[in-house]
Amino acid sequence: MNIYLLLGIFLSIIIRSFFIFNGTDFADITKLREMGEATLKGVNPYLSISYNIYPPLSLYLEAFTIILSNFLNIPFHIVTKIWPNLADIAI
């Protein structure tokens, strides 16, 4: 039974990694970047971005993601997709 659980987790990580590393920066990812950039500039994203439905805590997460992306020299769209996957693995 445990081998199936571990195999399932391993396959999930492999499949998710494929989509993370082969994805692009569009749609929601672009909005997340805009939200993080506005937060880093000290601008209220709820007023400056025409479409922002994300909760306030995500403002700081995406601002941190931009900083981390620049520090690690990894594209933003890859780093920001890691967070929900880490949460799924932790659950």
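All values derive from a computational prediction rather than experimental measurement.

### Remarks on a nonpolar patch on the surface
Point 1. A grouping of Leu5, Leu6, Ile9, Ile13, Ile82, Leu86 and Ile89 is seen on the molecular surface, where their side chains present a nonpolar patch of about 610 Å² in accessible area.
Point 2. Of all the secondary structure elements, the ones that give two or more residues to the nonpolar patch are α1 (2-21) and α5 (76-90).
Point 3. In this structure, Ile9 sits in helix α1.
Point 4. A relative accessible area of 40% means that Ile9 is categorised as partly exposed.

### Quick notes on the confidence of the model for the chain
Point 1. The predicted model of the chain averages 86 in pLDDT, with 99% of residues at 70 or higher.
Point 2. Within the chain, no element has a lower average pLDDT than helix α3 (residues 45-48), which sits at 82, and none a higher one than helix α4 (residues 56-72), at 92.

### A closer look at the packing of aromatic side chains
Point 1. The tally for this structure, following the rule as stated, stands at 2 aromatic pairs.
Point 2. Taken together, a centroid distance of 6.2 Å and an interplanar angle of 40° make the contact between Phe64 and Trp83 tilted. Pair noted here: Phe64 is in helix α4 and Trp83 is in helix α5, with a separation of 19 residues, a long-range link.
Point 3. Judged by relative accessible area, Phe64 falls into the partly exposed class, the value being 42%.

### Topic: unusual backbone geometry
Point 1. For Asn73, which is not a glycine, the phi torsion comes out positive at approximately 60°.
Point 2. Residue position: Asn73 is located in the loop between α4 and α5.
Point 3. Take Asn73: its relative accessible area is 71%, and that puts it in the exposed class.

### So, the nonpolar core
Point 1. Core analysis: the largest hydrophobic core is formed by 8 residues, namely Ile29, Leu32, Met35, Ile49, Tyr54, Leu59, Ile66 and Phe76.
Point 2. Mapped by element, the contributors of at least two residues to this core are α2 (28-41) and α4.
Point 3. In terms of residue count, the dominant contributor to this core is α2 (3 residues).
Point 4. If we skip the residues at most four places from it in the chain, Leu32 touches Tyr54, Glu62, Phe76 and Thr80.

### Re the environment of His77
Point 1. Secondary-structure assignment places His77 in helix α5.
Point 2. By relative accessible area, His77 is classed as buried at 13%.
Point 3. Residues His77 and Leu11, 66 residues apart in the sequence, show an inter-C-alpha distance of 22 Å.
Point 4. Once residues within four sequence positions are removed from consideration, His77 is found in contact with Ile20, Gly23, Thr24, Asp25 and Ile29.

Basis of the calculations
- Residues numbered from 1 in each chain as written.
- Predicted model: local features only at pLDDT ≥ 70, side-chain atom pairs only at ≥ 80, totals over all residues.
- Heavy atoms only, no water.
- Patch = residues over 30% accessible without salt bridge, like charges linked within 9 Å, V, L, I, M, F, W, Y side chains within 5 Å.
- Areas by Shrake-Rupley, 256 points an atom, 1.4 Å probe, with all protein chains shown as cover.
- Salt bridge = Lys/Arg side-chain N within 4 Å of Asp/Glu carboxyl O.
- Helix = DSSP H or I, 4+ residues; strand = E, 2+ residues; numbered from the N terminus.
- Buried < 20%, exposed > 50% of the residue type's maximum accessible area, 1.4 Å probe, protein only.
- pLDDT = per-residue confidence, 0-100.
- Phe/Tyr/Trp six-rings, centres within 6.5 Å; stacked < 30°, edge-to-face > 60°.
- Core = buried A, V, L, I, M, F, W, Y, C linked by side-chain atoms within 4.5 Å.
- Contact = heavy atoms within 4.5 Å.

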